[in-house]
Amino acid sequence: MHRPIPRLPRQLTVPRAESDARLTAELASVVEGARRRALRDGDRQVDTAHLLHSLIESAPDVRALFGPGPQIARVLGYLVQRSIGYGLRWQGSVEDSGAVPVVRDGPSDGARRSGSWGPGWSPSAAAAMEGALRRAESYGRPRAAGVDLLACLAADPDCRAMEVLRGAGVDAGRFDGLDPGDGARLAAAE
């Protein structure tokens, strides 16, 4: 019997006014790309692997952090195999690394929420986005960038994005303490 593929409601992105005010144009594009990827894959929520995939595709400063060589290709290889590899194991489950406390919406709804990201985001992905915003603020910047998000993903060793990076042989620990200018300097050097 064929099971219907769960679909995300179209309003799952952060509200436009907030994304314009708190995200760089590049990171807003990453968020939209992650949302589209989740919709296309039939996933119930945007998770950290969607964010990582979109970061690598859309943020040259993040790509530069992986350095030259086959490492980025291995990571993308893991990510594009989502429908046969990690995705099958993840299918039908909510990514939750414990980064966000439980908030129940009702007796049958165990969805977790963080900030303004809403129910269409896994708890880990919502925590990473909120962390990126706080990180940018801590550096005195009004908008979060891709490097902020990557650093926050790396700070959660139990999220799906880090599972993918470990599987591809990437030492994600080097992304945890990134300086805000690291990615831009490397991207300019390429």
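What you see is a predicted model, and the numbers here were worked out from it, not measured in a lab.

Rules of the game
- Residues numbered from 1 in each chain as written.
- Predicted model: local features only at pLDDT ≥ 70, side-chain atom pairs only at ≥ 80, totals over all residues.
- Heavy atoms only, no water.
- Buried < 20%, exposed > 50% of the residue type's maximum accessible area, 1.4 Å probe, protein only.
- Helix = DSSP H or I, 4+ residues; strand = E, 2+ residues; numbered from the N terminus.
- Polar contact = N/O pair within 3.5 Å; in protein donor to acceptor, adjacent residues only side chain to side chain.
- Salt bridge = Lys/Arg side-chain N within 4 Å of Asp/Glu carboxyl O.
- Axes fitted to C-alpha atoms, helices over the stretch in contact; angles between N-to-C directions.
- Parallel < 35°, antiparallel > 145°, perpendicular 65-115°, else oblique.
- Contact = heavy atoms within 4.5 Å.
- Nonpolar A, V, L, I, M, F, W, Y, C, P; charged D, E, K, R; others polar.
- Core = buried A, V, L, I, M, F, W, Y, C linked by side-chain atoms within 4.5 Å.

Caption draft 1: Expanded view of helix α3 (residues 48–58). Counting buried residues along α3, nine of its 11 residues qualify, which places the element largely inside the surrounding structure. Taken together, the buried positions of α3 are Thr-48, Ala-49, His-50, Leu-51, Leu-52, His-53, Ser-54, Leu-55 and Ile-56. Of the residues flanking the start of α3, the one acting as N-cap is Asp-47, its side-chain oxygen 2.9 Å from the backbone nitrogen of Ala-49.

Caption draft 2: Spotlight on the pattern of salt bridges. Tallying each qualifying case throughout the model produces six salt bridges. Residues Glu-137 and Arg-22 are paired through a salt bridge, measuring 3.6 Å at the closest nitrogen-oxygen approach. Residue Glu-137 is found in helix α7 (residues 123–138), and its partner Arg-22 is found in helix α1 (residues 16–22); the two are separated by 115 residues along the sequence. When its relative accessible area of 26% is taken as the criterion, Arg-22 is described as partly exposed. Measuring nitrogen to oxygen at the nearest pair gives 3.6 Å for the salt bridge that ties Arg-35 to Glu-32. Placement of both Arg-35 and Glu-32 in helix α2 (residues 25–41) is noted, with a separation of three residues, approximately one turn of the helix. With a relative accessible area of 11%, Arg-35 lands in the buried category. Overlapping salt bridges, with partners in common, bring together Arg-135, Arg-141 and Asp-148 in one network.

Caption draft 3: The packing of α3 against helix α9 (residues 160–167), seen in detail. In the contact formed by α3 and α9, the axes pass within 6 Å of each other and the chain directions differ by 60 degrees. As judged from the angle between their axes, α3 and α9 are oblique. In this structure, α3 contributes Thr-48, Ala-49 and Leu-52 to the contact, and α9 contributes Arg-160, Ala-161, Val-164 and Leu-165. Class assignment of the residues belonging to the contact of α3 with α9 gives a composition of five nonpolar, one polar and one charged.

Caption draft 4: The arrangement of the nonpolar core in detail. Counting 46 residues, the largest nonpolar core has Leu-52, Val-75, Leu-149 and Phe-175 as the members making the most contacts within it. Those elements that provide at least two residues to this core are α2, α3, α4 (60–65), α5 (71–80), α7, α8 (146–154) and α9. A per-element tally of this core places α7 first, with seven residues. Residue contacts for Leu-52: discarding those within four places in its chain leaves Val-75, Leu-79, Leu-150, Leu-153, Ala-161, Val-164 and Leu-165.

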